[in-house]
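Below are the chains, spelled out letter by letter.
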Amino acid sequence: MESSVQRRMEAISRHLVLPREPNIVLHQVLLNGGKVKNDEAEAVIIGGMVLDIHAIPSIPANPRTTTPGKVRYVLGGVARNVAECMLKLGTKPFIISAVGLDMAVEFLHLFCLYYFDSFVAFTGGVLPPGIRKQQDIGTPVVCNILDVSGELAAAVASVEAIEKFLTPEWIQQFKYNICSAPILMVDANLNPPALEASCHLAAESSIPVWFEPVSVAKSRRVASVAKYVTVASPNEDELIAMANALSGANVFPPIERGNNYSTESLFQKLKPAIWLLLEKGIRIVVVTLGSDGVFLCSKGGSSFMRTCLDRVKPYGSCGQFYKIVTSSCPPHWYGATDLERNPHLFAVHFPALPASVVRLTGAGDCLVGGMLASICAGLNVMQSVAVGIAAAKAAVEAETNVPTTFSLDTIADDARSVYSAANVVFNQSML
């Protein structure tokens, strides 16, 4: 006899946003007893694996009443979205997360059967070894309320399981994976002890660490791990929150975006907060600006950015990706400078691409996923930002958080447009 959960799933499954075809990339991702070969080491992604509920109104919503529209169930979670984006760009991540034994995880399994058909072959269809699954975990769920333009209007996140069950002890079991990884990404859904444990393991083997802030509230968790962080990827609001957390006082006011700032004036507004993050030990700051693009910032100049990620070696199966992008975005960027000294702030602006927006919920995660996949393929940071913006464009034009597929040729063409339009907005001593 069918369980009530199965009946509910069948009743709701017609509302799921499913891809047209399975993703065959994961066939290459199957692990051998949870271990990886040194020459095929996988980037490690630690954080949330979430069922997203997207509520999209057909007309502008009014308070205190229902609004006609559509409700869809979509695979989500910052870490999961980043990992899926990397997979679809040909890079093999190892994800560490936590889910429960409930209806929400059954949806995640159902999605995995469509997106990642290799799950069927992987030890009988069970989740990969880094994903903790047990009865007393409530699978993380986030309900996103969008406006008619696809912008996030409000959201409620039930993600306590990530903080409670992604413990230092669980993460420690995957020390081998972390210490052999080309790069580690942690999202700020982790509680501070888990963040510290993850970053400390990476630091023991000089593994670069990428900190993804997740939200304004959680971005403040950077305070305990800033000294380990190689790259951080906040939006404007998260940047201000991180700077205030690191300064120990609310000295950085929020940015009023009602004003129509030029690129240069917006950078001047954000520059003090960016510089504080760099002064506290973060090596590269990637500030995401939505439709205004990205600021890529470091202490010391463009060659300093390269040395920050010298530990990352090209991933063996990414040769085609590397060749396609390099042909569009030559590695020597002529906006670079010979002024490489400290304390010197170097910042480049990369424009966003025009897009036919469906929704914006996966754009930031695909930007990070695109950058990580590029770095793992051996591309430099400048090239990687261009690819990340191209991946973000594809994401905002899709129904799901991560597009069903990426066309590498389209990604390379879009990356070329971004790369060629990038310009230095600041290149001066901070003395």
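Bear in mind that the values here come from a model prediction, so they are computed numbers and not experimental data.

A. Just unusual backbone geometry, in detail. Located in the positive-phi region is R64, a residue other than glycine, with phi close to 65°. The residue R64 is located in the loop between β2 (50–57) and β3 (69–76) in this model. On the basis of relative accessibility, which here comes to 82%, the residue R64 falls in the exposed class. Despite not being glycine, V214 has its phi angle at roughly 75°, a positive value. Positionally, V214 belongs in the loop between β9 (209–212) and α8 (216–219).

B. Fine view of the pattern of salt bridges. In the structure shown here, the tally under the stated rule is 8 salt bridges. Notably, a salt bridge pairs R72 with E399, separated by 3.1 Å at the nearest N-O pair. On the criterion of sequence distance, the pair formed by R72 in strand β3 and E399 in the loop between α14 (381–396) and α15 (408–421) is long-range, its members being 327 residues apart. We classify E399 as partly exposed; its relative accessible area is 34%. Close ionic contact of K88 with E84 constitutes a salt bridge, the shortest N to O distance being 2.5 Å. Within this pair, K88 and its partner E84 are both found in helix α2 (residues 78–88), separated by 4 residues, close to a single helical turn. Here K88 and E84 have matching classes, each one buried. Residues joined in a network through salt bridges with shared partners are R80, E84 and K88.

Conventions and cut-offs
- Residue indices begin from 1 for each chain and proceed along its sequence in written order.
- Local features in this predicted model are restricted to residues of pLDDT 70 or higher, and side-chain atom pairs are both shown and tallied only at a pLDDT of 80 or more, whereas totals for entire chains, interfaces and linings draw on every residue.
- Side-chain metrics in this entry use all non-hydrogen atoms of the structure; hydrogen atoms and water are not considered.
- By the criteria applied, helices consist of DSSP H or I runs no shorter than four residues and strands consist of E runs no shorter than two, each listed in order from the N terminus.
- When a residue's accessible area, from a 1.4 Å probe over protein chains only, is under 20% of the maximum for its type it is buried; when over 50% it is exposed; and in between it is partly exposed.
- Here, a salt bridge means any Lys or Arg side-chain nitrogen found within 4 Å of an Asp or Glu carboxyl oxygen.

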